[in-house]
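Descriptive analysis of the structure
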Amino acid sequence: GAAVIALVGRIAGWKGQHIFLQAAALVRDRFPQARFQIIGAPLFGEHEYERSLHQMVCDLGIGDRVEFLGFREDVPALLAGADLVVHASTLGEPFGQVVIEGMAAGKAVIATDGGALPEIVIPGVTGLLVPMGDAPAMAEAMAALLSDPARAAAMGAAGRQRVQEHFTIAHTVRKLEGIYDY
């Protein structure tokens, strides 16, 4: 059926859900059956931002394509059902756990190019990087991967391999042991 593009994370302005929705509106013009999922909930008094996102969905006319799934404990299953995983932060992420989770699930990722994310995502190999706050660039990246499922699948497989080689707990322990042995 329809492609599913998922964004996972706390609902907060700096996490960029509004950029994701703006990009979704642009992608919907080219891929009218695509579905967009926002997985996560607000914390720390960010409920007004969440309300603004619901209003944005209405204003953009994409209410039939966007699902707000709230806080979920079955994120791995939701990622398994997604075609693409998007990370839309407008500030540099110190690590980007969701990007690692998306790659571990074998999904091509689209992430913003700040913080540690350029150290995690290999552009054109495990996913695509876009400038922070750039909804048209994010939409273009989504459309590029939706247009070429084989490329997206290859990126997902490469991402899973990268996680296995660089981001498992066993790898971290080996590196830490190396520091102590030094």
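A brief look at the structure comes next. The structure presented is a predicted model; accordingly, all values stated were derived computationally and were not measured. (Residues numbered from 1 in each chain as written. Predicted model: local features only at pLDDT ≥ 70, side-chain atom pairs only at ≥ 80, totals over all residues. Heavy atoms only, no water.)

1. A look at the side chain of E93
Tracing the backbone shows E93 in the loop between β4 (84–87) and α4 (97–104). A polar side-chain atom of E93 sits 2.8 Å from a polar atom in the side chain of S89. (Helix = DSSP H or I, 4+ residues; strand = E, 2+ residues; numbered from the N terminus. Polar contact = N/O pair within 3.5 Å; in protein donor to acceptor, adjacent residues only side chain to side chain.)

2. A few points about the side chain of Q17
Looking at the secondary structure, you find Q17 in helix α1 (residues 17–30). A polar side-chain atom of Q17 sits 3.5 Å from the main-chain amide nitrogen of A12. Residues contacting Q17, with those up to four places away along its chain left out, are L7, G9, R10, I11, A12, I38, Y49 and L53. (Contact = heavy atoms within 4.5 Å.)

3. Some thoughts on the environment of P131
Tracing the chain through its elements places P131 in the loop between β6 (127–130) and α6 (135–147). Sequence-distant contacts of P131, that is, excluding residues within four places in its chain, are made with T112, D113 and A137.

4. Quick look at the pairing of β4
Of the two faces of β4, both are covered, the one formed by L84 and V86 as well as the one formed by V85 and H87. Judged from the three bridges that link them, strand β1 (residues 4–8) and β4 form a sheet pairing that is parallel. The partner of A6 across the bridge, within β4, is V85. Bridge analysis of β4 against strand β5 (residues 108–112) gives four bridges, and the strand direction is parallel. Residue pairing in the sheet places V85 in a bridge with V109 of β5. Considered for its hand, the β-α-β crossover made up of β4, α4 and β5 is right-handed. (Buried < 20%, exposed > 50% of the residue type's maximum accessible area, 1.4 Å probe, protein only. Pairing = 2+ DSSP bridges. Right-handed = clockwise from strand over helix to strand, strands pointing away.)

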